[in-house]
Every structure is written in structure tokens, then in C-alpha cells.
There are 2 protein chains.
Amino acid sequence: MQTLTDRSISVDGMPTEVTPVPRARAADELKQAALEQFATVGFAGTSLQHIADAAGYAKSSVLYHYGSKEALLEAAIEPAVEGFEDVLEVFLAGRGSGRRRELVDRVVDLLLEHREAVHVFLTQGQSLAELPVIARANVAVRRLASAVCEERESVDDQVRFGIAIGGAAFLLTAGRNFADESTLPSDDEMRDALRRIIAEILTPARTPSN
Amino acid sequence: MQTLTDRSISVDGMPTEVTPVPRARAADELKQAALEQFATVGFAGTSLQHIADAAGYAKSSVLYHYGSKEALLEAAIEPAVEGFEDVLEVFLAGRGSGRRRELVDRVVDLLLEHREAVHVFLTQGQSLAELPVIARANVAVRRLASAVCEERESVDDQVRFGIAIGGAAFLLTAGRNFADESTLPSDDEMRDALRRIIAEILTPARTPSN
DNA sequence: TCAGAGTCTGCACGATCGGTCAGACTCCGG
DNA sequence: CCGGAGTCTGACCGATCGTGCAGACTCTGA
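Residues numbered from 1 in each chain as written. Chains lettered and ligands numbered in written order. Predicted model: local features only at pLDDT ≥ 70, side-chain atom pairs only at ≥ 80, totals over all residues. Heavy atoms only, no water.

## Section: the protein's contact with DNA strand C
Next, step 1: Close to DNA strand C lie 17 residues, the nearest being Ser60, Ser61 and His65 of chain A together with Leu48 and Lys69 of chain B.
Next, step 2: Backbone polar atom of Leu48 of chain B to a phosphate oxygen of DNA strand C: 2.8 Å apart, as the coordinates give it.
Next, step 3: Within the contact set of DNA strand C, a phosphate oxygen lies 2.7 Å away from a backbone nitrogen or oxygen of Lys69 of chain B.
Next, step 4: Going through the elements one at a time, helix H3 (59–65) of chain A together with helix H2 (48–55) and helix H3 (59–65) of chain B are the ones with two or more residues in the surface near DNA strand C.
Next, step 5: Of the residues belonging to the surface near DNA strand C, the class tally is six nonpolar, eight polar and three charged. (Near = heavy atom within 4 Å. Polar contact = N/O pair within 3.5 Å; in protein donor to acceptor, adjacent residues only side chain to side chain. Helix = DSSP H or I, 4+ residues; strand = E, 2+ residues; numbered from the N terminus. Nonpolar A, V, L, I, M, F, W, Y, C, P; charged D, E, K, R; others polar.)

Here is the structure:
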């Protein structure tokens, strides 16, 4: 059925001498394919066969680069989780008036760079809580919520934070299916709009008592 | 392994004479169990065995009440989709100044009543698009987006709508894992907060130019 | 030239998947 | 007392799941 050698002799038959950019090609291709599947069909619903097919490899290759399906998930979302932890640490260490605004900007950047990964641990954080990386992510999100709401724990603050982060994650992944493909904003347009609107959501329009 | 008759003689050995409330028990129990699984682990990641276990039945019973896994999904989310279509129809037929506000209120009610179902077709609407009910849901969401944004199709409006609906759906399902269980707001508190905050998000604080 | 490391693959395995089917049980009208 | 409808189940099927493993291929340093 399948062509047995089409990959080996694929692109170039030249003496090759290390191709400059694509070091560690396969591992990254597999990881990216896995991330997209995890975000759209869920971790449990994604099979190694589908990941391998999407990336153009054999199922065995996935297990060669990542020892198990769970290890692949860990490798795929770890950078996003670490980014979250870093942003949080910087925020908690700093002080000053522009802190909250800067936190929002950094989180929006993280969302844009790691949209699939964030979507994965936000929407599947419960069912995958036994995985160490997911547990770290859950802790980070909870700490972020506390940081954003400061000491005020009102229902309003919780709702505003939940809508902001969950909404942004939705918008950048699943939400794309509900927009016209032609009208899809660029990442820069998105970044600008998200920064403004999320900051606005988290700051109740400076009407203190009302 | 399993007790063979524990269900048949379970609670009451009395003459029984139709128990008043629980008509069509099994089918509804299975549907509810399925809905929760679909929302947390995803449709593809949910097995009929898990659904049956969670509801306390055998796998065969799921297939008896619903002919297939897909039919079960359809039955589970159809009420939510129909509710969406109804709300949309009322909005499009009506006119007047309070229309948008009323639309928001009705959608929030729908979200609270069918939170798992809405979460399912919002986050898995793409991968399940071949199912008729999901296709209907996708159309309804797209029409709702147009209705909320009126004729204005700016990036801001799209972002505001996406954050509002995706954020609310996240908050009511997956987001609950990031809140203290003791602090979990009641549905009425939620309804009130969601109505106010979502209306605020969709209406850019009447600062036209700024 | 050759040994070794690194990469990728096909094949095989036990488990579990969605789905079929025949039977067992309860209930009820005749 | 009986027969049929409704409900629930275990046994079974072929396909696919995640994973282990041995081999084939390419490259590189000695």
C-alpha cells in the first residue's frame, strides 16, 4: 500500500553537507502535529497514528522521539507552561502602577505564541491533572487568577478573569472556525485588540462604587 | 465479578405502582453522564464503556437507548442547539432598543441551562462538523455573531463576541476547576454577573473615539 | 573500510474501541 | 395463565488503540 522509500530519497540527492536550518526536524514536526490534534480533538481522542499521518511519518517514529503519548503531550505544552510561570514570577516580583497592564500584555503574547498549548491545558486541565506538567499549569493558572484579582475575591472578579482568559484561548483556536477565513485578522491585529479589550474587561471601567 | 441482580431488586420491594417522577430514567441518566464526559474529555475521547460505568449500566444499554455513539451526542446537545436557534429567531424578528440587552440575557440563560452542551459544540464544532446537529449549531453561532456585531465587522467586534461567548462557556465548565470549591458562586449569582459583564464587553463602554 | 550511533520503520502483542445479537427479566392486557 | 412489548445484559466481532522490538538505512569518525 504505502510507498516504502519515497521519504529517504525525497528532496535532494546532493552531497548534502548539513542542511543549515532544519536540525531536529522530525521531532518538531511531530510535536506540532500533535499539538494541533490535542487542541482540536482532545488528548484522549488523538491517536498516535493520526499524529504520524499528519506529519508524514510512521507511528513507530512518534514513540521513537517521545517515549510515550503522555511524554509527547508533556514536551508539547511544557514551553507554554514555563512561559506562564516566568510571566507570573516577574509580575509577583515587581511593583509599580503599570504592573497589571504589563502582565496583560505579556499574557496576550504568550497566548498568541502558544495558543494550542494553552487551549489544551485550560480546557483539559481537569481530565489530565495526573500529568506533572498539567498539574504545574493548573497551579500557574490559579496563581494568575489570584494575581489578577489581587486580594479582592468578589464573584465579579472571578467571572471577569475566567471570561478573559478562557475567551481569549477560545478565540485563538476553536473560535477561528466561526470567522470568515478571508476576514481572519493577522496576529498583530489580534495582539492589539486583545491587549485593549482584555485590559478593559479586567478593569471595570473605573466606576468604583456604582 | 459484578453483582448480577443488585439493580433489579435494588431499592423497594413494594408493590411499586408507578414511581411518580422518574419516567424514562435510564435514557436520561445515560444522556447526562455522556454530556459530562463529552464536555470534559471530548467526544472522541469518551468511550461508551465509561459512559455506561458512570451511569451504572452496561455498555449494551447505551446502544439500546441510543442506536450509536453519534446518535447519543445528537440527543444530548439537540435541546441546546434548538434553544439557540429559538433565541436567535426571536431576536431577528423583533425590533426596538432593548433587543440586544434581551438577547444577551436569553443567551446567558441558555448557557447556564445547557453549559456542557454549549461547551461541546463550541470547542469541538470543527472536528464534529459532519454531524447534522453540530452543523446546525455552527450555523447558529455564526448567525449569532453577525447579529451581535450588527453590520459592523471590525476586528474589535469579532474579538469582543468571541471572548464573551467562549469565555462564558469556559467559565461555566472547565473554569470551575480553577476556583475554590467553597467559593463557587451559585447559578443566580452567576447569571447576574454574566449578564452585566457580557453586556459590558459587547458594548465598548460608549467611549466612541477616545 | 568498517564499526557505531542515530533515525525510521514494519510487525506483533494485549487491551479496548464501537457495534451486533440473542437471551433473560419484568410488567401488563387478554 | 399466557403472550408480547419493553428493558437490560453478556458474549462476541473486526478494527484500532498504545507500546515493544528487531531490523534496515544513512551518516560519520577512526
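## So, the side chain of Asn138 of chain A
Next, step 1: Among the secondary structure elements, Asn138 of chain A is positioned in helix H7 (residues 132–149).
Next, step 2: Asn138 of chain A sits in the buried class, given a relative accessible area of 9%.
Next, step 3: If we ignore the near neighbours within four places in the chain, the residues touching Asn138 of chain A are Phe121, Gly125 and Ala129 of chain A together with Phe178 of chain B. (Buried < 20%, exposed > 50% of the residue type's maximum accessible area, 1.4 Å probe, protein only. Contact = heavy atoms within 4.5 Å.)

## Description of the interface of chain A and chain B
Next, step 1: Each partner contributes to the interface: chain A provides 42 residues, whereas chain B provides 42 residues.
Next, step 2: Of the roughly 3,900 Å² buried between chain A and chain B on both sides combined, carbon and sulfur atoms contribute 64%.
Next, step 3: It is Ile163, Phe170 and Phe178 of chain A in chain A that bury the most area against chain B; as a group they hold 17% of the surface buried on that side.
Next, step 4: For the interface between chain A and chain B, the tally reads four salt bridges. (Buried area = accessible area lost by both parts, 1.4 Å probe. Salt bridge = Lys/Arg side-chain N within 4 Å of Asp/Glu carboxyl O.)

## Remarks on the relation of the copies chain A and chain B
Next, step 1: When chain A is fitted to chain B, the best match, at an RMSD of 0.0 Å, comes from turning it 180 degrees and sliding it 0.0 Å along the axis. Each copy turns onto its partner about a two-fold axis.
Next, step 2: The share of interface residues of chain A whose copies in chain B are also at the interface is 100%, consistent with both copies meeting through the same surface. (Least-squares fit on C-alpha atoms with pLDDT ≥ 70 in both.)

## Examining the protein's contact with DNA strand D
Next, step 1: Near DNA strand D, the surroundings consist of 17 residues, among which Leu48 and Lys69 of chain A together with Ser60, Ser61 and His65 of chain B are the closest.
Next, step 2: Sugar and phosphate atoms constitute 60% of the interface atoms of DNA strand D, taking the interface as everything within 4 Å of the protein.
Next, step 3: Contacts to DNA strand D include Ser60 of chain B, whose side-chain N or O atom sits 2.5 Å from a base oxygen.
Next, step 4: Here a phosphate oxygen of DNA strand D sits 3.1 Å away from a polar atom, N or O, in the side chain of Tyr64 of chain B.
Next, step 5: Secondary structure elements with two or more residues in the surface near DNA strand D: helix H2 (48–55) and H3 of chain A together with H3 of chain B.
Next, step 6: A breakdown of the residues in the surface near DNA strand D according to their chemical character gives six nonpolar, nine polar and two charged.

## So, helix H9 (residues 187–202) of chain A
Next, step 1: End to end, H9 of chain A covers 22 Å across 16 residues, agreeing with the expected 22 Å (1.5 Å per residue, within 8%).
Next, step 2: Looking at H9 of chain A, one finds that the buried residues are Met190, Ala193, Leu194, Ile197, Ile198, Ala199, Ile201 and Leu202 of chain A.
Next, step 3: In this fold, the buried residues of H9 of chain A make contact with helix H5 (99–113), H7 and helix H8 (155–172) of chain A together with helix H8 (155–172) and helix H9 (187–202) of chain B. (Expected span 1.5 Å × (residues − 1).)

## Quick word on the packing of helix H4 (residues 69–93) of chain A against H7 of chain A
Residue and element names in this part refer to chain A.
Next, step 1: Remark: H4 packs on H7, axes separated minimally by 9 Å, with the N-to-C direction vectors making an angle of 30 degrees. It follows from the interaxial angle that H4 and H7 lie roughly parallel. Here H4 runs over H7; the crossing is left-handed. On the side of H4, the interface is formed by Leu73, Glu74, Ile77, Glu78, Val81, Glu82, Phe84, Glu85, Leu88, Phe91 and Leu92, while H7 contributes Pro132, Val133, Ile134, Arg136, Ala137, Ala140, Arg143, Leu144 and Ala147.
Next, step 2: A breakdown of the residues in the contact of H4 with H7 according to their chemical character gives 14 nonpolar, no polar and six charged. (Axes fitted to C-alpha atoms, helices over the stretch in contact; angles between N-to-C directions. Parallel < 35°, antiparallel > 145°, perpendicular 65-115°, else oblique. Left-handed = near helix turned anticlockwise from the far one by under 90°.)

## Looking at the pattern of salt bridges
Next, step 1: The full count for this structure, using the stated rule, is 25 salt bridges over all chains.
Next, step 2: One salt bridge in this structure joins Arg196 of chain B and Asp156 of chain A, with 2.8 Å as the shortest N-O distance. Taken together, the residues span two chains, with Arg196 of chain B in helix H9 and Asp156 of chain A in helix H8.
Next, step 3: Among the ionic pairs, Arg191 of chain B bridges to Asp188 of chain B, the shortest N-O distance being 3.7 Å. With Arg191 of chain B and Asp188 of chain B both in helix H9 and three residues apart, this pair spans about one turn of that helix.
Next, step 4: Classification of Arg191 of chain B by relative accessible area gives partly exposed; the value is 25%.

## Re the confidence of the model for chain A
All names here are of chain A.
Next, step 1: Residues with a pLDDT of 70 or more make up 85% of chain A, whose mean pLDDT is 86.
Next, step 2: Between residues 1–23, whose pLDDT stays under 50, and residues either more than four places distant or in other chains, the model counts five contacts.
Next, step 3: With pLDDT under 50 throughout, residues 206–210 is counted as low confidence; its partners more than four residues away or in other chains account for zero contacts. (pLDDT = per-residue confidence, 0-100.)

## Description of the environment of Ala117 of chain B
All names here are of chain B.
Next, step 1: Secondary-structure assignment places Ala117 in helix H6 (residues 115–123).
Next, step 2: Overall, Ala117 belongs to the buried group, its relative accessible area being 2%.
Next, step 3: Among residues more than four places away in sequence, those in contact with Ala117 are Leu35, Ala76, Ile77 and Ala80.

## Details of the environment of Gln158 of chain A
Next, step 1: Within the secondary structure, Gln158 of chain A is located in helix H8.
Next, step 2: Linking Gln158 of chain A and Leu202 of chain A, residues 44 residues apart in sequence, is a C-alpha distance of 9.7 Å.
Next, step 3: With near-sequence residues (within four places) excluded, Gln158 of chain A lies in contact with Cys149 and Glu153 of chain A together with Leu171, Ala179 and Thr183 of chain B.

## A word on the nonpolar core
Next, step 1: Of all hydrophobic cores here, the largest spans 137 residues; its most connected members are Ile77 and Phe121 of chain A together with Ile77 and Phe121 of chain B.
Next, step 2: Examining the composition of this core, we find that eleven residues originate from one element, H8 of chain A, more than from any other.
Next, step 3: Counting contributing residues, this core receives three or more from each of domain 1 (25–65) and domain 2 (76–202) of chain B. (Core = buried A, V, L, I, M, F, W, Y, C linked by side-chain atoms within 4.5 Å. Domains from an automatic or database assignment.)

## Quick notes on the side chain of Arg160 of chain A
Next, step 1: Mapping Arg160 of chain A onto the fold places it in helix H8.
Next, step 2: On the basis of relative accessibility, which here comes to 5%, the residue Arg160 of chain A falls in the buried class.
Next, step 3: There is a polar contact of 2.9 Å between the side chain of Arg160 of chain A and the backbone oxygen of Ile201 of chain A.
Next, step 4: Excluding its chain neighbours within four sequence positions, the residues that come into contact with Arg160 of chain A are Ile201, Leu202 and Pro204 of chain A together with Ile197 and Glu200 of chain B.

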